[in-house]
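Fold and contact review
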Amino acid sequence: MKRALLPLAAAIFAAALPAGTALAEDHEIHMLNRGADGQSMVFEPAYLEVAPGDTVTFVATDRAHNAETIPGMVPEGGETFRGRMNEDVSVTFTADGVYGVKCLPHYGLGMVALIKVGEGDAPNLDAAAGVRQPGRARQRMEALFQQIDD
């Protein structure tokens, strides 16, 4: 009997939402010593497009990593975050724009990610793309920016 009521309850809940309202999604990005392509010190996936209200969990798959925002790579109204070493961190993105993410101990080795929130042009795209990156992070971040609207 309870199972028969679940679809009905879901339908009533969906009908109660304002038109055009989408349910938020959950995404995962893994912090890895080696990615599927053989590169070391990576977030996988390193580029992600999400909707406002979606949550991204950075999963501490391998040890000695964290996830945190890169200064200058957060849109106006967006919140910065800093995860602890060896721990998962979940972030709900609400402001449209691009967010740069780094693993602090492996930043110079290129452990970066880019998250685009919202559709259309990112309001902070030029400012975020202009942030100087150290070492290998520069090439990896340039490649991530090229994925926007591909």
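Residues numbered from 1 in each chain as written. Predicted model: local features only at pLDDT ≥ 70, side-chain atom pairs only at ≥ 80, totals over all residues. Heavy atoms only, no water.

**Focus: helix 3 (residues 137-146)**
For helix 3, every residue scored as buried is listed here: Ala137, Arg140, Met141, Leu144 and Phe145. Taken end-on, helix 3 shows its buried residues confined to a sector of 140 degrees, consistent with a single buried face. The inward-facing, buried residues of helix 3 contact strand 2 (40-44), strand 3 (47-50), strand 7 (97-102), strand 8 (112-117) and helix 2 (125-129). (Buried < 20%, exposed > 50% of the residue type's maximum accessible area, 1.4 Å probe, protein only. Helix = DSSP H or I, 4+ residues; strand = E, 2+ residues; numbered from the N terminus. Arc of directions from axis to C-beta. Contact = heavy atoms within 4.5 Å.)

**Things to note about the sheet that holds strand 2**
Taken in spatial order, the four strands make up an open sheet running 2-1-4-6, and their pairing is mixed. Across the chains shown, the open sheet's two edge strands, defined by having one partner strand only, are strand 2 and strand 6 (89-92). Across the sheet, the axes of successive neighbouring strands diverge by a mean angle of 15 degrees, strand direction being ignored. (Pairing = 2+ DSSP bridges. Axes fitted to C-alpha atoms, helices over the stretch in contact; angles between N-to-C directions.)

**Observations concerning unusual backbone geometry**
Residue Pro45 is bonded to the preceding Glu44 through a cis peptide linkage, with omega at 0 degrees. Looking at where Pro45 falls in the secondary structure, it is placed in the loop between strand 2 and strand 3. Residue Asn86 is not a glycine yet carries a positive backbone phi of 65 degrees. Within the secondary structure, Asn86 is located in the loop between strand 5 (68-69) and strand 6. We classify Asn86 as partly exposed; its relative accessible area is 31%.

**Looking at the layout of surface pockets**
Taken as a whole, the largest pocket holds about 220 Å³ of empty space. Every element with two or more residues in the lining of the largest pocket is listed here: strand 2 and helix 3. Among the elements that take part in the lining of the largest pocket, strand 2 stands out by supplying three residues, more than any other. A breakdown of the residues in the lining of the largest pocket according to their chemical character gives seven nonpolar, three polar and three charged. (1 Å grid on protein atoms, 1.4 Å probe; cavity = no way out; pocket = protein on both sides within 12 Å on 5 of 7 lines; lining within 4 Å. Points joined across faces, edges and corners; volume = space filled by probe spheres on them. Nonpolar A, V, L, I, M, F, W, Y, C, P; charged D, E, K, R; others polar.)

**Structural notes on the environment of Gly130**
Assignment of secondary structure puts Gly130 in the loop between helix 2 and helix 3. For Gly130, a relative accessible area of 54% translates into the label exposed. In the structure, Gly130 is positioned 57 residues away from Met73 in sequence and 9.0 Å away in space, judged by C-alpha atoms.

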